[in-house]
Amino acid sequence: MADKEAGASDTGPRETAPTSAYSSPARSLGDTGITPLSPSHIVNDTDPNVSEQQTFLVVVAIDFGTTSSGYAYSFTKEPECIHVMRRWEGGDPGVSNQKTPTTILLTPERKFHSFGYAARDFYHDLDPNEAKQWLYLEKFKMKLHTTGDLTMDTDLTAANGKKLKALEIFSYALQYFKEQALKELSDQAGSDFENSDVRWVITVPAIWKQPAKQFMRQAAYQAGLASPENSEQLIIALEPEAASIYCRKLRLHQMIELSSKTVVNGYSGSDTVGAGFAQAKEHIRRNRQSRTFLVENVIGEIWSELEEGDKYVVVDSGGGTVDLTVHQIRLPEGHLKELYKATGGPYGSLGVDYEFEKLLCKIFGEDFIEQFKIKRPAAWVDLMIAFESRKRAAAPDRTNPLNITLPFSFIDYYKKFRGHSVEHALRKSNVDFVKWSSQGMLRMSPDAMNALFKPTIDSIIEHLRDLFQKPEVSTVKFLFLVGGFAEAPLLQQAVQAAFGDKCRIIIPQDVGLTILKGAVLFGLDPAVIKVRRSPLTYGVGVLNRYVEGKHPPEKLLVKDGTRWCTDVFDKFISADQSVALGELVKRSYTPAKPSQLVIVINIYSSEHDNVSFITDPGVKKCGTLRLDLTGTSSTAVPARREIQTLMQFGDTEIKATAVDIATSKSVKVGIDFLNY
């Protein structure tokens, strides 16, 4: 009986060697490697230990946003009560202060100083020369989305141009939230709350690639929220999933429907979207002095209209990214199945800020704006705060202009820099719809403000259009618009105009807190998401019997008279394949050389589905299982040795295990995207 498979039935991953400049990583290493057992059997089952019943007293969710962040919590004995954190000091007019800006300040010695409004206000009050020594960072979360080769050493740049390790900044921020939450819990309980009593949930965009999700977990370990040994204490939740979980609890009075005729909360569709939303927000505001939200243990009315197999889209539009996720209902429990791999892109409300910055460059010159940011960093922050509150006042039916105060140091520095006034620059620039007001303000017409939103909103609509072309998405019943940017009436109107005839468009009230509240519910019941789509293809590198005419000649390796094809990618799971939470995929291998005592199994991933060799373009090594079998008695080793490899999928983390069946020796590894 042949001990090896002659050809890769599953085109497969790779060899036991680090990828190098050689055409064959395996040959360069001279390692014997593993080969699939014949027949290679695949068992898909769910690990019974997945529902580990670790008891926590409280679930704390951190919504670490691009522009603003916050936390909320619920005691496991009162899961229907979700408490949103204490209000922050120093909130801005016209901006809800239930969250705090994602801004962090470090001392000139690079020690943590403050976070949020406190960081911003302290930095603002520093003398300009002193401010240059301090390290101020804002909106830094986008770096995790935009960095293609993210590692533990990736840098961030502070406002003064100095570089810092991203991991350090993220862990400082998470540590800050940990301390705030534990202090609030201790004050409420009247005794010290231990970190071990808390299950932590951190939200990340679903479209983030695996390295970014892993980076967040590493930062949380460094901040002391959990540890690799006790990894279950921390759940990485996907933002649109969290929103989905919350939306299914909503009653009619907790949402606004942007449909033409339907009346929800007594507002008819003929009211402008903005007006209806404002009234609804007022209604909520009067009822939320307590900061505690009751989540009725029911399925909301809209949800109860959904039947087995019905689909809906969650559009999570935040500060940095827009995430589109398609879910399908599975009855009887109403579990969610991810139907279509999350898509989206960097189309958050930050795009509007970039457009404003481009407008300023057009009026005052790019050279001046760059210099001003470096020389007067605190004044630049002030200008963007002024813009933020006006940005929130933009609406489709607005007729009066929006005034943005220019900081005195902007006017002063511009005169020194150019030798003429700001007013002169505006007159010369020929920028339509932006005028200078004698009170020291930029006066923007509603059209000028709407134009700043247009590129970002167009990108979102375009992306949704592409999504609605997909056959899986053609029969969607609802579109839930969530996230901070969903508060923008301009975005609401654009989504309604483009898709109102295809499905019903629903916005939860208090839309900026939807993800936070959903993340708490997810932490209370992580099993609610049953099926996800694998974002990548995973496999291992193996040797197969060389078949003349089928395998490339450069992959031929002759060992002890046997002809092998090296670097074959043996696939565990394909990109976009459905995986159940906790699902195990098993494969059996045997060492190519039976006497081999150290067996190295390399794990590879690719965004592509059709991968044949570990040397194919886009294939990356993301893990190594090293099984050391020295010290096992030779009598216990059968001639045909079986090494079983298991991969457990479903959560944002993936774990791999290799077991030597004869001796029960095993080794585990987490898939690592940051260190390879």
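Residues numbered from 1 in each chain as written. Predicted model: local features only at pLDDT ≥ 70, side-chain atom pairs only at ≥ 80, totals over all residues. Heavy atoms only, no water.

Draft legend 1. Quick peek at the packing of aromatic side chains. Evaluation of the coordinates by the stated rule reveals 31 aromatic pairs. When the ring of Y73 is compared with that of F75, the centres are 5.9 Å apart and the planes differ by 80 degrees; the resulting orientation is edge-to-face. Residue class for Y73 comes out buried when judged on its relative accessible area of 1%. What makes F75 buried here is its relative accessible area of 10%. Ring geometry for F170 and F215: centres 5.5 Å apart, planes at 85 degrees, overall edge-to-face. Of the two residues, F170 is situated in helix α5 (residues 166–189) and F215 in helix α6 (residues 210–222); the sequence distance between them amounts to 45 residues. By relative accessible area, F170 is classed as buried at 0%. (Phe/Tyr/Trp six-rings, centres within 6.5 Å; stacked < 30°, edge-to-face > 60°. Buried < 20%, exposed > 50% of the residue type's maximum accessible area, 1.4 Å probe, protein only. Helix = DSSP H or I, 4+ residues; strand = E, 2+ residues; numbered from the N terminus.)

Draft legend 2. Quick look at the nonpolar core. Ranked by internal contacts, the top residues of the largest apolar core, which has 144 residues, are F170, F356 and F364. Sorting elements by how many residues they give to this core places α5 first, with twelve residues. Setting aside residues no more than four positions away along its own chain, F364 makes contact with I369, L406, F410, Y414, R418, V422, A425 and L442. Core analysis: the second largest hydrophobic core is formed by 30 residues, V568, V585, C622 and L627 among them. (Core = buried A, V, L, I, M, F, W, Y, C linked by side-chain atoms within 4.5 Å. Contact = heavy atoms within 4.5 Å.)

Draft legend 3. Region of interest: the pairing of strand β26 (residues 556–559). Inspection of the sheet shows β26 paired to strand β27 (residues 562–573) by four bridges, in the antiparallel sense. The residue of β27 that forms the bridge with K559 is T562. Connecting β26 to the next strand, β27, in antiparallel fashion are two residues, including D560 with a positive phi near 50 degrees. (Pairing = 2+ DSSP bridges.)

Draft legend 4. Seen up close, the sheet that holds strand β19 (residues 402–405). The strand order across the open sheet built from three strands is β19-β21-β20, with neighbouring strands paired in antiparallel fashion. Each end of this open sheet is capped by a strand with a single partner; those strands are β19 and β20 (434–437). Neighbouring strand axes in the sheet, compared pairwise and without regard to direction, differ in orientation by 30 degrees on average. In terms of strand pairing, β19 meets strand β21 (residues 441–444) through four bridges, oriented antiparallel. Counterpart to L402 in the pairing with β21 is M444. Here helix α10 (residues 350–364) sits on the sheet in contact with β19, β20 and β21, set at roughly 115 degrees to β21. Sheet strands in contact with helix α14 (residues 422–429) are β20 and β21, and its direction is about 155 degrees off that of β20. (Axes fitted to C-alpha atoms, helices over the stretch in contact; angles between N-to-C directions.)

Draft legend 5. Just the sheet that holds strand β31 (residues 620–628), in detail. If you trace the five strands from one edge of the open sheet to the other, you get β26-β27-β25-β30-β31, paired in antiparallel fashion. Two strands lie at the open edges of the sheet, namely β26 and β31, each paired on one side alone. Averaged over all adjacent pairs, the angle separating strand axes in this sheet is 35 degrees, with direction ignored. As judged from the four bridges shared by strand β25 (residues 537–545) and strand β30 (residues 598–606), these two strands associate in the antiparallel manner. Within the sheet, the bridge partner assigned to V540 lies in β30 and is I603.

Draft legend 6. Spotlight on the pattern of salt bridges. Under the criterion given, the structure shown has 21 salt bridges. Between K99 and D63 there is a salt bridge, and its shortest N-O distance comes to 3.0 Å. You can see K99 sitting in the loop between β5 (81–84) and β6 (100–101) and its partner D63 sitting in strand β3 (residues 58–63), a full 36 residues away along the chain. D63 shares its class with K99; the two are buried. E487 is the partner of R392 in a salt bridge, and the nearest nitrogen-oxygen pair spans 3.6 Å. Highlighted residues: R392 in the loop between α12 (377–391) and β19 and E487 in the loop between β22 (476–482) and α16 (489–499), separated in sequence by 95 residues. We classify R392 as partly exposed; its relative accessible area is 41%. Among the charged side chains, a network of salt bridges with common partners joins K139, D353, E388, K391, R392 and E487. (Salt bridge = Lys/Arg side-chain N within 4 Å of Asp/Glu carboxyl O.)

Draft legend 7. Molecular detail of the environment of Q371. Relative to the helices and strands, Q371 is located in helix α11 (residues 366–375). On the basis of relative accessible area, Q371 is assigned to the partly exposed category, the value being 26%. Sequence-wise, Q371 and Y413 are 42 residues apart; in three dimensions their C-alpha atoms are separated by 9.7 Å. Each residue touching Q371, except ones within four places of it in the same chain, is listed here: Y413 and F417.

Draft legend 8. The packing of α10 against α12, seen in detail. At a minimum axis separation of 11 Å, α10 and α12 run at an interaxial angle of 120 degrees. The pairing of α10 with α12 is recorded here as oblique in orientation. Two packed elements cross with a definite hand, and for α10 against α12 that hand is right-handed. Mapping the contact onto sequence places V352, D353, F356, E357 and L360 in α10 and W380, L383, M384, F387, E388 and K391 in α12. When the residues that make up the contact of α10 with α12 are grouped by side-chain class, the tally is seven nonpolar, no polar and four charged. (Parallel < 35°, antiparallel > 145°, perpendicular 65-115°, else oblique. Left-handed = near helix turned anticlockwise from the far one by under 90°. Nonpolar A, V, L, I, M, F, W, Y, C, P; charged D, E, K, R; others polar.)

Draft legend 9. The arrangement of helix α7 (residues 239–247) in detail. The buried fraction of α7 is high, at nine of nine residues. Every buried residue of α7 is accounted for by E239, P240, E241, A242, A243, S244, I245, Y246 and C247.

Draft legend 10. Representation of the environment of I599. Mapped onto the fold, I599 is located in strand β30. Its relative accessible area of 0% is what places I599 among the buried residues. Setting aside residues no more than four positions away along its own chain, I599 makes contact with I34, P591, L625, R626, L627, L629 and I643.

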